[in-house]
Amino acid sequence: MYWGKILTAFLAFGAINLGASETKSDAIKDMNKSSVITNTAPVSEQNASENVAQKATTPQKLKEAMKAYDEAELNFDLLTALELANKDPQSAMKLYEKAFLKTNSQVYLLEALKLAFFLKDSKATARYLALGDKILADDSEYLRVKVGYYMGQGEILKANTTALHLANLEVNSRNYSILGATYYAMDNFALAKQYFEKAYELEKSEENLIRLSDVLLNRLDSSDAAVRIMETHRRIYGCASGMVCEVLADVYRMQKKYFEVAKLDEALYESKKNTKFLDDMIGIYYYMKEFDKIIEILQKYDYKKDLIMDAYAQKKDFATAMRLAREEFSKTENYDYLANEAIYLYESFGDKKTPDQINEVVAKFENIASKLKDPVHLNYYGYILIDHDLDIKKGIDYVERALKDEPNSVYYIDSLAWGFYKLGECEKAKEWMDKIKDDEFYTSDEGKGHVSAIEKCVIDKNIQKIGEIAGGIKAQK
C-alpha cells in the first residue's frame, strides 16, 4: 500500500514536470511566432488569451508537484521507520520525529516516544513527553510511558499522580496494575494490594496473581491468604503456564508441606512435560520414605527404571529388585544391571552375613569384573573386598579407579581410608579421612565407627613407637 502511494506520487510529480516543460516550449514557440507576426500583423485575441492561460496554470502545477513530493517523502519515511523499528530503533525514532514535525500528527509523536522509552533514552523521552503534554494528555499509551519514565527517574509521586489519571481515564486490568506498582514503590502495600486485587478481578492472568501474591507473601505477611487465592486459581485454571503453581510449590516447600509440593510437581510435569518436576517429586518421596509412591510414579510415566529397582530394594523387597535387574540385563546386555543384582543380593543378607553368602556375592562380581565401569559399582565391590578382609589391595585398586571418576566422593574416600587402615597404614588412613568435610558423614554410624577406629590406630601406633624408643634407650644404658 505504501509503495503504491510513493510510486503514484513520484509518477504524478514527473508527469506534472513534463507538462510544465511542454507548456514552456509551446510558450517559446508562440513567442517566436508572435515576434514574426508583429512585423506583419497584430496578434489575434484568441492567441493572446491562450498564452495568458498557460502562464497562469504553471505555478498551480508546481504547487501540486511539491505537495505530491512532500507526501511521497513522508510515506517513504514512515515505511522506512516501520522497517527499522526492530533493526535500528534509533533511526526509526528520528524518522517518526521528523514526520511529527512535518505534520504535527500526535500518532507519529507517540511512536517516537515509545521508541525513545524502549531505548532508555531519557533525554529524548523527556523531550517527547513535553511535546505531547497537551496533545496527548488523555492518551493512555502516552500516560503509561509517562508513568514508566517517572518511575525510572525515581519521581514516584509524579508517577503515582499520572497513574491515578490513567486509571480514572480508562478502567482496565493493565492500568490498575500500573497504579498498584506505583503504590508498591511508595511502600504503600495496602493500596498496592487493593489495586492488584482489582486488576486480578478484571483479568485472571497469572501475572496479576503473582503481583498480588508477592504483596501478600513478602510485604503483608499474609501467606495463608496468598495460598488460598493461588490454590483457587490452580483448581480453576490448572498449571498451564506453570508460574502460579511453581510459586505455590515454593511456598509449600518453605512451610515443609512436602506432599503438597509433590502433588504440584506432578501437575506441573503433566502440563509442561519437563522431567525436572518428576525428579523433584521422586526426591521428595525418597526423603519421606514413600517407596511405593515412587514405584507408582515411575511406572505411570515410564521413567528411570533403575530407580524402580532401587525403590524395591529400599523397601526391602530384594527379590523383586533382583528380578527386575536380570530382566533389564536380558533386554539391554548392560552389565550394570548384573552389578546391581549383586548389590541387592549382598543387601538382602542383612548385617550378619555368612562366609558362603559373601562368597556368593563376590562370585557374581567376579563374573563381570572386567565389565565394571560405573564408579558406584567399582567402589561397592572394592569395599566388600576390603571390609571382609578378602583381598584388601585388590579392593583398594577398585576404589582408586572409582576415585578417578569422582575424586571428591565422600564415600569413595572413606573406602580408601578404610583400606589403608586394614593394611595397618594408620597415618595414611587418617590423611585420607581428614579430606572429608561432610558433616552428615561424621554423624552417620559408619562414619563415626571408621573415624574412631582410625584415630585409635594412630594413637596405638604412636604409643608403640614411643615404647620402642624408650626400650632402645633403656637397652643402651
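Structure: see above.
Residues numbered from 1 in each chain as written. Predicted model: local features only at pLDDT ≥ 70, side-chain atom pairs only at ≥ 80, totals over all residues. Heavy atoms only, no water.

Asks: Honestly, the side chain of Ser-415 in this entry has me stumped. Any pointers?
Replies: Looking at where Ser-415 falls in the secondary structure, it is placed in helix α22 (residues 410–422). Apart from residues lying up to four places away in sequence, Ser-415 is in contact with Asn-379, Tyr-383, Ile-386 and Val-399. (Helix = DSSP H or I, 4+ residues; strand = E, 2+ residues; numbered from the N terminus. Contact = heavy atoms within 4.5 Å.)

Asks: Explain the state of the cysteines to me, please; I cannot follow it from the model alone.
Replies: Counting across every chain of the model gives 2 disulfides. In this model Cys-239 forms its disulfide with Cys-245; the gap between the sulfur atoms is 1.9 Å. Across the S-S bond of Cys-239 and Cys-245 the torsion is about -80 degrees, and the bridge reads as left-handed. Of the two residues, Cys-239 and Cys-245, neither departs from the other in class, the shared state being buried. A sulfur-sulfur distance of 1.5 Å marks the disulfide that ties Cys-426 to Cys-457. Here Cys-457 lies in helix α25 (residues 445–476) and Cys-426 lies in helix α23 (residues 426–433), a separation of 31 residues in the sequence. (Disulfide = S-S within 2.5 Å. Buried < 20%, exposed > 50% of the residue type's maximum accessible area, 1.4 Å probe, protein only.)

Asks: Please explain the environment of Leu-169 as it appears in this structure.
Replies: Inspection of the secondary structure puts Leu-169 in helix α7 (residues 156–169). You can call Leu-169 partly exposed: its relative accessible area is 38%. The spatial distance from the C-alpha of Leu-169 to the C-alpha of Ser-140 is 7.8 Å, given a sequence separation of 29 residues. Apart from the residues lying within four places of it in its own chain, the contact partners of Leu-169 are Asp-138 and Leu-143.

Asks: How should the packing of aromatic side chains be read in this particular structure?
Replies: Any aromatic ring pair is given by two values, namely how distant the centres are and how the planes are angled relative to each other. Enumeration according to the criterion identifies 14 aromatic pairs in this entry. Ring geometry for Phe-365 against Tyr-381: centres 4.7 Å apart, planes inclined by 15 degrees, an arrangement best described as stacked. Linking Phe-365 in helix α19 (residues 355–367) with Tyr-381 in helix α20 (residues 375–387), this pair joins segments that are 16 residues apart in sequence. Each member of the pair, Phe-365 as well as Tyr-381, carries the same accessibility label: buried. An aromatic cluster of at least three residues, connected via ring pairs, comprises Tyr-176, Tyr-183 and Tyr-195. Across from the ring centre of Tyr-269, 5.5 Å away, lies the NZ or CZ of Lys-273, which sits over that ring. Across from the ring centre of Trp-432, 3.7 Å away, lies the NZ or CZ of Lys-435, which sits over that ring. (Phe/Tyr/Trp six-rings, centres within 6.5 Å; stacked < 30°, edge-to-face > 60°. Lys NZ or Arg CZ within 6 Å of the ring centre and 35° of its normal.)

Asks: Would you mind going over unusual backbone geometry with me for this structure?
Replies: Negative phi values dominate among residues other than glycine, just as trans dominates among peptide bonds. Notably, Asn-104 is not glycine yet its phi reads approximately 60 degrees, a positive angle. Following the sequence through the fold, Asn-104 ends up in the loop between α3 (89–103) and α4 (106–118). One non-glycine residue, Lys-120, lies in the positive phi region at around 60 degrees. Secondary-structure assignment places Lys-120 in the loop between α4 and α5 (122–131).

Asks: Is there a simple way to think about helix α8 (residues 173–185) in this case?
Replies: Residues separated by three or four positions in an α-helix point in the same direction, a consequence of the helix having 3.6 residues per turn. In this model, α8 (13 residues) spans 18 Å end to end at C-alpha, consistent with the 18 Å of a helix rising 1.5 Å per residue. When we look at burial in α8, the residues that qualify are Ser-173, Asn-175, Tyr-176, Ser-177, Ile-178, Leu-179, Gly-180, Thr-182 and Tyr-183. Contact partners of the buried residues in α8: α6 (140–152), α7, α9 (189–202) and α10 (206–219). Capping of α8 at its N-terminal end is provided by Asn-172; its side-chain oxygen lies 3.2 Å from the backbone amide nitrogen of Arg-174. In the stretch just after α8, Asp-187 is the one whose phi turns positive, near 65 degrees. (Expected span 1.5 Å × (residues − 1). Polar contact = N/O pair within 3.5 Å; in protein donor to acceptor, adjacent residues only side chain to side chain.)

Asks: What is the right way to look at the packing of α3 against α4 in this model?
Replies: A pair of packed helices is characterised by two quantities: the angle between their axes and the separation of those axes. Where α3 meets α4, the closest approach of the two axes is 8 Å, and the angle between their N-to-C directions is 155 degrees. With respect to α4, the axis of α3 lies roughly antiparallel. In this structure, the crossing between α3 and α4 has a hand that is left-handed. Contacts from Pro-89, Ala-92, Met-93, Tyr-96, Glu-97, Ala-99, Phe-100 and Thr-103 of α3 reach α4 at Tyr-108, Leu-109, Glu-111, Ala-112, Leu-115, Ala-116 and Phe-118. Looking at the contact of α3 with α4 residue by residue, the classes come out as 12 nonpolar, 1 polar and 2 charged. (Axes fitted to C-alpha atoms, helices over the stretch in contact; angles between N-to-C directions. Parallel < 35°, antiparallel > 145°, perpendicular 65-115°, else oblique. Left-handed = near helix turned anticlockwise from the far one by under 90°. Nonpolar A, V, L, I, M, F, W, Y, C, P; charged D, E, K, R; others polar.)

Asks: Got a minute to help me understand the packing of helix α17 (residues 318–332) against helix α18 (residues 336–348) in this structure?
Replies: Orientation of α17 relative to α18, taken along the N-to-C sense of each, is 170 degrees, at an axis distance of 8 Å. As judged from the angle between their axes, α17 and α18 are roughly antiparallel. When the axes of α17 and α18 are compared, the crossing they make is left-handed. Across the interface between the two elements, Phe-318, Ala-321, Met-322, Ala-325, Arg-326, Glu-328, Phe-329 and Thr-332 of α17 pack against Tyr-337, Leu-338, Glu-341, Tyr-344, Leu-345, Glu-347 and Ser-348 of α18. For the contact of α17 with α18, the per-class residue count stands at 9 nonpolar, 2 polar and 4 charged.

Asks: Please explain α5 as it appears in this structure.
Replies: Within α5 the residues assigned to the buried category are Ala-124, Thr-125, Tyr-128 and Leu-129. Here the buried residues of α5 occupy an arc of 135 degrees about the axis, which is enough to place them on one side. In this structure, α5 carries Lys-123 and Ala-130 as exposed residues pointing more than 90 degrees from its buried face. The inward-facing, buried residues of α5 abut α3, α4 and α6. (Arc of directions from axis to C-beta.)

Asks: How do you make sense of the side chain of Thr-182 when you look at a structure like this?
Replies: Tracing the backbone shows Thr-182 in helix α8. By relative accessible area, Thr-182 is classed as buried at 0%. Look past the residues within four positions of Thr-182 in its chain and what remains in contact with it is Val-147, Met-151, Ile-156, Ala-159, Asn-160 and Ala-163.

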